[in-house]
Amino acid sequence: MNILCEKSVLAAALSLTQRAVALRSPLPNLKGILLETGEQGLILSATDLEFGITCQVETKVIEHGSVVLPAKILTEFVRKLPEDLVELKTNPENPLQVHITCGSIKFDLSGYAPDEFPNLPRVKEDAISITVNEGLLREMLTQTEVAVAREDTRPVLAGLLMEVEKTKLKFIATDGHRLAFRQAVIPETQELKAIIPGRAVQELIKILDPDMGEDVTVKVDNSNIAFDVKGVALSSRLVEGKYPPYQQIIPTDYKTAAVVDSAELTAALERAEILVRDGGNNLVKFDVGENGIRLSAYSQDIGSIDDFISGGVEGEPVEIRFNVRLLLDCFRNIKDSEVNIDLTGEFSPCMIRPVGEHNYLHLVLPVRVS
Amino acid sequence: METPIIHVDMDAFFASVEVRENPQYRGKPVIIGGDPRRDVRSVVSTASYEARKFGVHSAMPLMQAYRLCPQGIFLRGNMSLYGEVSKEIMAIFARYTPLVEPLSVDEAFLDVSGCQWLFGPPEEIAASIQKDIEEELELTASVGIAPNKFLAKLASDLKKPRGFTVIRPGEIEEVLNPLPVEKLWGVGEKTALKLRSMGIDTVGQLASLPEKLLTAAFGKSGRALWYLARGEDFRAVEVSRAAKSVSRETTFSRDVTDMDKLYAVILELAEDVATTLRASGFLAEKVTLKLRYGNFETITRQGPLPAPACLTMPIYHKILELLAKVDTRGRGIRLVGVGTSNLINNRGNRQLSFFESPGLDREEKIAEAVDKVSARYGIGAIKRAALLKKDRPGKG
């Protein structure tokens, strides 16, 4: 193998690909990045067997070939090179050794045999395929990923549920304390249900550009999912198991309905968070009354906060307490100006929706104080 | 002394309580641990001073104690009675200082630095505590008074029963230096052996080594050793030592291969653990299964509960789930234990969850009612039907 590549291009490709590397794996191969030459240039791949990234960059190929190089050291080294052309060339006597040259800098790096590199998770030929706008997909994932369980008490909850029903693409996540639901209209396709591991979702969000109008191709089969984003392919095994019937959790009725300015409420929550985050309880109290929401928080050692967010309220007044972090996770991802807050008593879920929006909702369960 | 600490340790506590309740045992060797003819694999939990003369000591296999002292009075012990007496002892401590750190049912550290203007110097306080215990509870205690916790505990142990030992700042070296290294906190068999191989037998020899040498040999704990050997201990008396885990285990009189029997015992242990969790106001996030096979090989398996729990069934089910992943085929089980950890306070606030089973409130109310009955009529007065069978005469 012999290639010539701009340092900045190679560095970007390496830092992207190395996200899938299993740095703590006992298998040296898994700690590496596979470099192969293709028609258009260099193809970089990494996997921890659950999750994989393949990235393609345009380079000048002088001689075709492939090699596996240790990810961490290669990425760090290339990042610290000056802006110049980098040459990667395998030693003709020892194809597992690579000479990296950049100006006067020479680096000989030992690698591993490419034929022992594991296969990346891959979807079957007959996988269902859908396309979604990149910016929209990123927004949908960001709004729901916050509710994915961080602990593995129930493996399915540590994943994001993806559902396709006729012309609706839906993402659902819940960690038991809150639930996020987001849907969008897509061209009609085959129905499907898949649980994407939280890790893959987080990596995908990092790759997706919020302002790009390009289409992302998503392919799903029974056990794998693959996303294709402008020359970067991200693939993952799916979480096995049955997702709990989330529809039953979403309330269909309410006793108190409030409409408030979301930026105003978010700011109030952020101020309250400063006070309660060190108190260990993270507790804020909402008094939902006639003309709005009175928000108060208290921390024994620090002090107390009292705030009022005016808005329209219908129904019974209610006093309810929340973990401020759960509310902020939701409100920080709402761009709309006004939100509906529907409540059914102090121990029932609170439903948050942007006004006039039927595609996004967030449920947060309250905290019971004894 | 800047911060005088008193360590109070009851003398042969369980045995002394039995003697107090049964005056006919007075002057006789009393051994708590079980019936040597039935509980063949139990160990001695306490031996009275009369029994100790025969060479019986705590943690000794019961059979061995029986061989040494066949005329001894062997008793299973009455934990709930000891618990009651323990509360009375702690109440006596509380008269003198709010800074009491119980170490177990029968010993505690007391920080009396703030109450000397009320009750006099530490020696006087310790003496009147000893007197109160003797007069009101007809039991004896040994006390140690020293500038820190480590030395106070060491002092109370130097003379027993009815010991009264003071270690003053000027006497620390004199007391510590001749002691064998095992007397230091944290020095067990292995550390002692390693120290011996370095030519160190006494605390004095240890204290004379450079600190660097000890940290090189033992890492962080080497530094702690170095301080202890000099009689320095900076830990304060902690009033509420928050529980870190609640667990129960049981050793079978014969290795168990019958899974149904194992399940029943696990249920019983889970029930016991859950009751303790509720009584202390905790919810557990994790459970641990402990198994010891007939050949003494011991394994533990840990897993998270679906939601923090203080009820029997969630703990029981998770333990069975862990047990299912363990190879038990044809292997006799000698000991089984149920543990819970990552305890969170249940008395405060509780983040609600979608996945709490809908009957949870009802389950909690039942458990609360059972706890009340047990508190009034004793543990075991009310039981799960699944646990009744084995107590029925002629069966099980």
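These numbers were taken from a predicted model, which means no experiment stands behind them.

### Some details on the overall build of chain A
- The number of helices and strands found in chain A is six helices and 26 strands.
- The long-range share in chain A, meaning contacts at least 24 apart out of those at least 6 apart in sequence, stands at 66%.

### With respect to the overall build of chain B
- Per the secondary structure count, chain B includes 15 helices and 13 strands.
- Here the contacts in chain B between residues at least 6 apart in sequence split such that 65% fall between residues at least 24 apart.

### Looking at the pairing of strand β11 (residues 298-309) of chain B
Residues and elements named next belong to chain B.
- Bridging between strand β10 (residues 282-293) and β11 involves eight bridges; their strand directions are antiparallel. Its bridge partner lying in β11, Arg292 is registered against Thr298.
- A loop of four residues connects β10 with β11, the two strands running antiparallel in sequence, and Phe296 in this loop sits at a positive phi of about 75°.

### Some details on the pattern of salt bridges
- For the structure on display, the rule yields 40 salt bridges over all chains.
- One salt bridge in this structure joins B:Arg95 and B:Glu136, with 2.7 Å as the shortest N-O distance. Of this pair, B:Arg95 sits in helix α4 (residues 79-96) while B:Glu136 sits in helix α6 (residues 122-137), and the two are 41 residues apart along the sequence.
- The exposure class assigned to B:Glu136 is partly exposed, which follows from its relative accessible area of 44%.
- B:Glu134 is paired through a salt bridge with B:Arg162; the nearest N and O atoms lie 2.8 Å apart. Linking B:Glu134 in helix α6 with B:Arg162 in the loop between α7 (149-158) and β8 (164-166), this pair joins segments that are 28 residues apart in sequence.
- Among the residues examined, B:Glu134 registers a relative accessible area of 31% and is labelled partly exposed.
- Via salt bridges that share partners, A:Lys285, A:Asp287, A:Glu319 and A:Arg321 belong to a single interconnected network.

### Describing the pairing of strand β6 (residues 66-70) of chain A
Residues and elements named next belong to chain A.
- Here β6 lies mainly inside the structure; four of its five residues are buried.
- Of the pairings in the sheet, the one linking strand β2 (residues 32-37) to β6 comprises five bridges and is antiparallel in character. When the sheet's bridge partners are listed, Gly32 is paired in β6 with Pro70.

### Quick look at a nonpolar patch on the surface
Residues and elements named next belong to chain B.
- Where nonpolar side chains cluster on the molecular surface, the patch consists of Trp117, Leu118 and Phe119 and spans about 380 Å² of accessible area.
- Inspection of the secondary structure puts Trp117 in helix α5 (residues 116-119).
- For Trp117, a relative accessible area of 71% translates into the label exposed.

### What to know about the side chain of A:Thr37
Residues and elements named next belong to chain A.
- Relative to the helices and strands, Thr37 resides in strand β2.
- Its relative accessible area of 15% is what places Thr37 among the buried residues.
- A polar atom in the side chain of Thr37 sits 2.9 Å from the side chain of His64.
- A distance of 2.9 Å separates a polar atom in the side chain of Thr37 from the backbone nitrogen of Gly65.

### Details of the confidence of the model for chain B
Residues and elements named next belong to chain B.
- Here chain B averages 85 in pLDDT, and 93% of its residues register 70 or above.
- Scored below 50 in pLDDT, residues 391-396 shows four contacts in the model against residues more than four places distant or in partner chains.
- ipTM for the predicted complex: 0.81, alongside a pTM of 0.61.

### Some details on the interface of chain A and chain B
- Across the boundary between the two partners, chain A contributes 24 residues, which contact 15 residues of chain B.
- Both sides together, the interface formed by chain A and chain B hides about 1500 Å², and carbon and sulfur atoms give 61% of it.
- Counting the contacts that link chain A with chain B gives zero salt bridges.
- Per-element tally for the side of chain A that touches chain B: the top contributor is strand β26 (residues 367-369) of chain A, with three residues.

### Quick word on the environment of B:Pro304
Residues and elements named next belong to chain B.
- Within the secondary structure, Pro304 is located in strand β11.
- Given the relative accessible area of 26%, Pro304 is considered partly exposed.
- When the C-alpha atoms of Pro304 and Val287 are compared, they prove to be 6.3 Å apart, with 17 residues separating the residues in sequence.

### Focus: the sheet that holds strand β1 (residues 2-6) of chain A
Residue and element names in this part refer to chain A.
- Spatially, β5-β1-β7-β8-β9 is the arrangement adopted by the five strands of the open sheet, whose pairing is antiparallel. On the outer flanks of this sheet lie β5 (60-63) and β9 (105-110), each paired with one strand and no other. Geometrically, the sheet is characterised by an average inter-axis angle of 20° between neighbouring strands, direction not taken into account.
- When β1 meets strand β7 (residues 85-90), the two strands line up antiparallel, connected through five bridges.

### Side note on the sheet that holds strand β2 (residues 30-32) of chain B
Residue and element names in this part refer to chain B.
- An order of β3-β2-β4 is seen for the three strands of this open sheet, with the pairing classed as mixed. Two strands in the sheet have a free side with no partner beyond their single neighbour: β3 (46-47) and β4 (73-75).
- As paired elements, β2 and β4 share three bridges and run parallel to each other. Among the inter-strand pairings, Ile32 is bridged to a residue of β4, identified as Leu75.

### Comments concerning the packing of helix α9 (residues 189-197) of chain B against helix α11 (residues 211-218) of chain B
Residues and elements named next belong to chain B.
- At a closest axis distance of 12 Å, the pairing of α9 and α11 adopts a crossing angle of 125°. Judged on the interaxial angle alone, α11 and α9 are oblique. Considering the relative orientation of α9 and α11, their crossing is right-handed. Between α9 and α11, the contacting residues are Thr191, Lys194 and Leu195 on the first element and Leu214, Ala217 and Phe218 on the second.

### Some thoughts on the environment of A:Glu39
- Secondary-structure assignment places A:Glu39 in the loop between β2 and β3 (41-47).
- In sequence terms A:Glu39 and A:Val61 are 22 residues apart; their C-alpha atoms lie 8.7 Å from each other.

### Focus: the side chain of A:Arg182
All names here are of chain A.
- With respect to the helices, strands and loops of the structure, Arg182 is situated in strand β13 (residues 178-185).
- Residue Arg182 is classed as buried on the basis of its relative accessible area, which comes to 7%.
- Side chain to side chain, Arg182 and Gln143 meet in a polar contact 2.8 Å long.

Conventions and cut-offs
Residues numbered from 1 in each chain as written. Chains lettered and ligands numbered in written order. Predicted model: local features only at pLDDT ≥ 70, side-chain atom pairs only at ≥ 80, totals over all residues. Heavy atoms only, no water. Helix = DSSP H or I, 4+ residues; strand = E, 2+ residues; numbered from the N terminus. Contact = heavy atoms within 4.5 Å. Pairing = 2+ DSSP bridges. Salt bridge = Lys/Arg side-chain N within 4 Å of Asp/Glu carboxyl O. Buried < 20%, exposed > 50% of the residue type's maximum accessible area, 1.4 Å probe, protein only. Patch = residues over 30% accessible without salt bridge, like charges linked within 9 Å, V, L, I, M, F, W, Y side chains within 5 Å. Areas by Shrake-Rupley, 256 points an atom, 1.4 Å probe, with all protein chains shown as cover. Polar contact = N/O pair within 3.5 Å; in protein donor to acceptor, adjacent residues only side chain to side chain. pLDDT = per-residue confidence, 0-100. Buried area = accessible area lost by both parts, 1.4 Å probe. Axes fitted to C-alpha atoms, helices over the stretch in contact; angles between N-to-C directions. Parallel < 35°, antiparallel > 145°, perpendicular 65-115°, else oblique. Left-handed = near helix turned anticlockwise from the far one by under 90°.

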